[in-house]
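A look at the structure
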Amino acid sequence: MIVYFYTVDPYGIKALNALNFANLSKSGKFRSIEILINFNSYGFFREACRINRIKIKDNLDKIIGDLEEYDNTPIESYDTLTKIIGTNEWIDIIARYSRNKINTFQAEIEIGNLFCNKLREGFRYVLNMPIRMNDEVGTKYRLVHCCNHIDGCLLVANNRYKRSQEQRQQRFHGQMTFLDYDVNDLTTNDDDIKKYLMTRIELRGGNEIHLSHLIADFFINVGILCNEQKLVSILKELEKESFIKVRRNPEITPSTGKKSDFWHENKEHQIFIRKIML
């Protein structure tokens, strides 16, 4: 099977069109297609504020200035921004920013999420990771990965989480911390991850879900808060606490004749998870 992999690295944001990307997948012309997009979310934010005549409260000159490939030609209309991101919901984000309901950091994350949500109309799995400055001024741009294969989703999510932690260590010159951080440099804790994971399971009611599908669902809908290994360790706790039922195929290990206890999936091993209904 031929896999088409496209890398989109535009000069600025004008060349982007979220709907066109989504339609590539929906067209049915490709049996397998993946796209990696460089989305300058702060560039979009700056243009959205300029068109709305809203003063930016933070200095973005360094962030944009360090991007040699960024096109500084002003965007002329609301429609152009809507075409780029695929929805006019960006207007509400900028309005809330102008009323001090959210800050620049939060606005940038929401803009990145809007772009990804439109791409999900054509791709089953869409993930994004911020690429940050060494001096931690802000996000240089977001790498957005789109595919329709679960293995691609899990591979990219785990890789991006690992890379985000490496970048953080580089920025802090290896200084240790007692806190855990997600790919957006927001602090996380196991209790919150456990709650979010259980919520995704509860949405299935009493129906089973593949382990790999559950983890991919978490990354897409909650975010890359941790890696796959952390999610599996929390699922083990939920099983011990009798919140979830885990069914394995095969149920018996052929080589030992004992009950299976594996926590990985491949062609020979499947795991099904469901909430225990009280």
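Above this text you will find the structure in question.
In this report, the structure presented in the accompanying data block is examined. (Residues numbered from 1 in each chain as written. Predicted model: local features only at pLDDT ≥ 70, side-chain atom pairs only at ≥ 80, totals over all residues. Heavy atoms only, no water.)

**Details of helix α1 (residues 18-26)**
Burial in α1 covers these residues: A18, F21, A22 and S25. Down the axis of α1, the buried set is contained in an arc of 95°. They therefore lie on one face. Against the buried residues of α1 lie β1 (4-8), β2 (33-39), α4 (78-85) and α6 (104-119). Two or three places before L19, at the opening of α1, N17 has a side-chain oxygen 3.1 Å from that residue's backbone nitrogen. Immediately beyond the C-terminal end of α1, within one or two residues, lies G28, with a positive phi of roughly 80°. (Buried < 20%, exposed > 50% of the residue type's maximum accessible area, 1.4 Å probe, protein only. Helix = DSSP H or I, 4+ residues; strand = E, 2+ residues; numbered from the N terminus. Arc of directions from axis to C-beta. Contact = heavy atoms within 4.5 Å. Polar contact = N/O pair within 3.5 Å; in protein donor to acceptor, adjacent residues only side chain to side chain.)

**Observations concerning the packing of aromatic side chains**
The final tally for this structure, using the stated rule, is seven aromatic pairs. Each ring, one from F39 and one from F44, has its centre 6.3 Å from the other, and the planes form 55°; the classification is tilted. Accessibility assignment for this pair places F39 and F44 in one class, buried. Taken together, the aromatic side chains of F39, F44, Y78, W90 and F115 make up a single cluster linked through ring pairs. Sitting above the plane of the Y181 ring, R168 keeps its charged end 3.4 Å from the centroid. The ring of W263 is capped by R248, whose NZ or CZ atom sits 5.0 Å from the centre of that ring. (Phe/Tyr/Trp six-rings, centres within 6.5 Å; stacked < 30°, edge-to-face > 60°. Lys NZ or Arg CZ within 6 Å of the ring centre and 35° of its normal.)

**Details of the sheet that holds strand β3 (residues 125-132)**
With respect to topology, four strands assemble into an open sheet ordered β1-β2-β4-β3, the strand pairing being mixed. A single partner strand is all that each edge strand has here, and the edge strands are β1 and β3. Each strand axis lies, on average, 15° off the axis of its neighbour in the sheet, ignoring direction. Looking at chain direction, β1 and β2 are connected through five bridges and run parallel. Across the sheet, the residue bridging to F5 is E34, located in β2. Together, β2, β3 and β4 (139-147) form the strand contacts of helix α7 (residues 150-171), whose direction differs from that of β3 by roughly 15°. (Pairing = 2+ DSSP bridges. Axes fitted to C-alpha atoms, helices over the stretch in contact; angles between N-to-C directions.)

**A short note on the nonpolar core**
Membership of the largest hydrophobic core comes to 39 residues, with the highest contact counts inside it found for F219, L235 and I273. Taken together, the elements giving at least two residues each to this core come down to β3, β4, α7, α8 (190-202), α9 (211-221), α10 (228-240), β8 (244-249) and β9 (270-275). No other element matches the seven residues that α9 contributes to this core. Not counting the four nearest positions on each side in its chain, L235 is found in contact with L197, I201, L211, L214, I244, W263 and I273. (Core = buried A, V, L, I, M, F, W, Y, C linked by side-chain atoms within 4.5 Å.)

**Notes on the pairing of β3**
Of all the eight residues making up β3, eight are buried; the element is thus mostly covered by neighbouring parts of the structure. Here β3 shows a buried face lined by Y125, L127, M129 and I131 and a second buried face lined by V126, N128, P130 and R132. Relative to β4, β3 runs antiparallel, the two sharing eight bridges. Note that in β4 the partner of R132 across the bridge is T139.

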